[in-house]
Structures are given as structure tokens and as C-alpha cells.
Amino acid sequence: MRVLVCVGLVLLGSSLVQSLGQVNTQLVNMYKHTFNGDATYYGGSGGGGACGFRSPNPSVAGKTKMTVALNRPQFTNSVMCGSCWQVSGSGHGSGNAASAVTGSFVVFVDNLCPECAQGSVDLGVSGDGRWDVGIKAVECPVGNIKIGYRFEGSNPYYIKLQVRNSRIPVHVMEINNGHGWQKMSHDPSGYFIFTSGPIPDGPVRVRLTAINGHQITDTISGIVNDNVAGTGLQFPHDPSLH
């Protein structure tokens, strides 16, 4: 896996989004190429899949046609949880003709398909068959939706934090423990973990790095478990991902 450093500045409303972080070229390439595989059906997880979103799913999922379970190679140890993909099919394959995958549409990843090969997705709706498709990662159609955060089982000594509704997946998260920025670990359910507390009481400062190197420095009002909080920030559109 190649990791580059991107340098630049982007003005986002009244906030400054810095392009100073690591670029994950392996994941960025998923936005630049189409991968051929199969589409199958499994009925959906409703937010209860491997990505740990819980029910309901992030609101941006409602702006896509359906949720999907992504193949293991491109799931990338859950970093691609919450990503969006364009699925294109021509109706070729096998199964009930009423379930044939035709045309192009955007889907939201909330689960893992362990047995699926690269380029394949398990569609989160009812259907039948195995259909030839091409898939390509795309920016999520966030519109006016801003990034949200969800704490789970957290306290000043143990932080478990999820990013929701991001236009582009976050692959690095750091937390300020009062002595500087500390990198958080990433777990298989898509949460970021910090166990070297305590962090200061009150607002929680975090720095997000998207896979294209864009960074957001944000302040969450405090630790409130099982609640989605937002601060009004979002990563900007990146034309280079097309």
C-alpha cells in the first residue's frame, strides 16, 4: 500500500479544511477505476451489519438506492464502511429475470460480504440470482448533510468513536489529549479507539484525515454515548476522485 502526503488548503464555509494528511492511494484508486464482479442479494442489515452503524443507518444512506455488503478485499478492514459506490449492470447473469441488475445506481456500504470477490457486492434488498456488474467508489451524495459522531461505551479513559455521513471515508483519526494529537486505532466495526486516557473533561477535539489527504479539525461538545452529534462540518467535493 502506498501512502503519500498531500499539501494544500481548502476553504469550507467558515472553517479551514487542510490537505496535509496521508493519502491512501490504494483506496483512492477505488474511485478512479471500475472493478468487475457479481451482484447477489441478501436482504439487508438495516444498520446492524459489520459496520456497526446500529439502526437507523446514517442519513446519507437514504440518499442512495440501497445499502450493500461490500466484498472483503475492498472493505479494507472496515475503512470503507459508510462509503458510496456506483453499481452498473446490463442484466447479464443468472436468476429470476425480475431481479436482473440493470442501469447504474449509487449504493451505501453498511456491511461486509465475507465470501464476495473483489468487484462484487451483496445487495441489501430482496432478490434472486447472480448478475454481472461493475462497481466504482464515488463520493457520497451528502448534499447539506454534515459529518456526525457517535460515541459508544466511552469515558475520558476509553474513547470509542464513529464517524458518520462523511462524503469520503476517514482512514485516520487523531484525538487531542491535552498534550497534543494522538493517533487512534481503527477497529473492524469501523470505530476509532483511544485507550491512553484520560482526555480533558469537556469538549473533545479530533482531527480527521480522509483517504485523499483532506483533514478536518473538529470539536465535539462532549462525550455522550449512543447519541449522534454533529458540528456542521463536511469534507469538500474532490474533482480528482472522478
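Preceding this section is the structure that the text describes.
Just so we're clear, the structure is a prediction, and the values are computed from it rather than from any experiment.

What counts, and where the lines are drawn
Residues numbered from 1 in each chain as written. Predicted model: local features only at pLDDT ≥ 70, side-chain atom pairs only at ≥ 80, totals over all residues. Heavy atoms only, no water. Core = buried A, V, L, I, M, F, W, Y, C linked by side-chain atoms within 4.5 Å. Buried < 20%, exposed > 50% of the residue type's maximum accessible area, 1.4 Å probe, protein only. Contact = heavy atoms within 4.5 Å. Salt bridge = Lys/Arg side-chain N within 4 Å of Asp/Glu carboxyl O. Helix = DSSP H or I, 4+ residues; strand = E, 2+ residues; numbered from the N terminus. Pairing = 2+ DSSP bridges. Axes fitted to C-alpha atoms, helices over the stretch in contact; angles between N-to-C directions. Disulfide = S-S within 2.5 Å. Polar contact = N/O pair within 3.5 Å; in protein donor to acceptor, adjacent residues only side chain to side chain.

1. Details of the nonpolar core
In terms of nonpolar packing, the biggest core is built from 62 residues, with W85, V101, L161 and L208 touching the most fellow members. Contact partners of L161, with chain neighbours within four places excluded, come to Y149, R150, F151, M173, M184, Y191, F192, V206 and I220.

2. Regarding the pattern of salt bridges
If you walk through the whole model with that rule in mind, you get 6 salt bridges. As a salt-bridge pair, R54 and E152 come within 2.8 Å of each other at their nearest N and O atoms. Linking R54 in the loop between β5 (35–41) and β6 (66–71) with E152 in the loop between β11 (148–151) and β12 (159–164), this pair joins segments that are 98 residues apart in sequence. Take R54: its relative accessible area is 36%, and that puts it in the partly exposed class. Residue R150 pairs with D226 through a salt bridge whose shortest N-O separation is 3.2 Å. Of the two residues, R150 sits in strand β11 while D226 sits in the loop between β18 (215–220) and β19 (228–230), which places them 76 residues apart along the sequence.

3. Observations regarding the sheet that holds strand β7 (residues 84–94)
In space, the 6 strands of this closed barrel follow the order β5-β9-β6-β8-β7-β10, with mixed pairing throughout. Strand-to-strand, the axes of this sheet are offset by a mean angle of 45 degrees, without reference to chain direction. The pairing of β5 with strand β9 (residues 121–123) spans 3 bridges and is parallel. The residue of β9 that forms the bridge with T40 is D122.

4. Observations concerning the state of the cysteines
Using the criterion set out here, one finds 3 disulfides in the structure. Each sulfur of the disulfide joining C51 and C81 lies 2.1 Å from the other. Given an S-S torsion of about -90 degrees, the disulfide between C51 and C81 has left-handed geometry. Of this pair, C51 sits in the loop between β5 and β6 while C81 sits in the loop between α2 (72–75) and β7, and the two are 30 residues apart along the sequence. Note on accessibility: C51 and C81 belong to one class, buried. Look at the protein and number its bonded cysteines as they come in the sequence; the links are 1-2, 3-6, 4-5.

5. Observations regarding the side chain of T64
Relative to the assigned elements, T64 resides in the loop between β5 and β6. A polar contact of 2.7 Å, which involves the side chain of T64, links it to the backbone oxygen of A61. At a separation of 3.4 Å, a polar atom in the side chain of T64 contacts the main-chain carbonyl oxygen of M66. Excluding residues that lie within four positions of it along the chain, T64 makes contacts with C84, V106, V107, F108 and P141.

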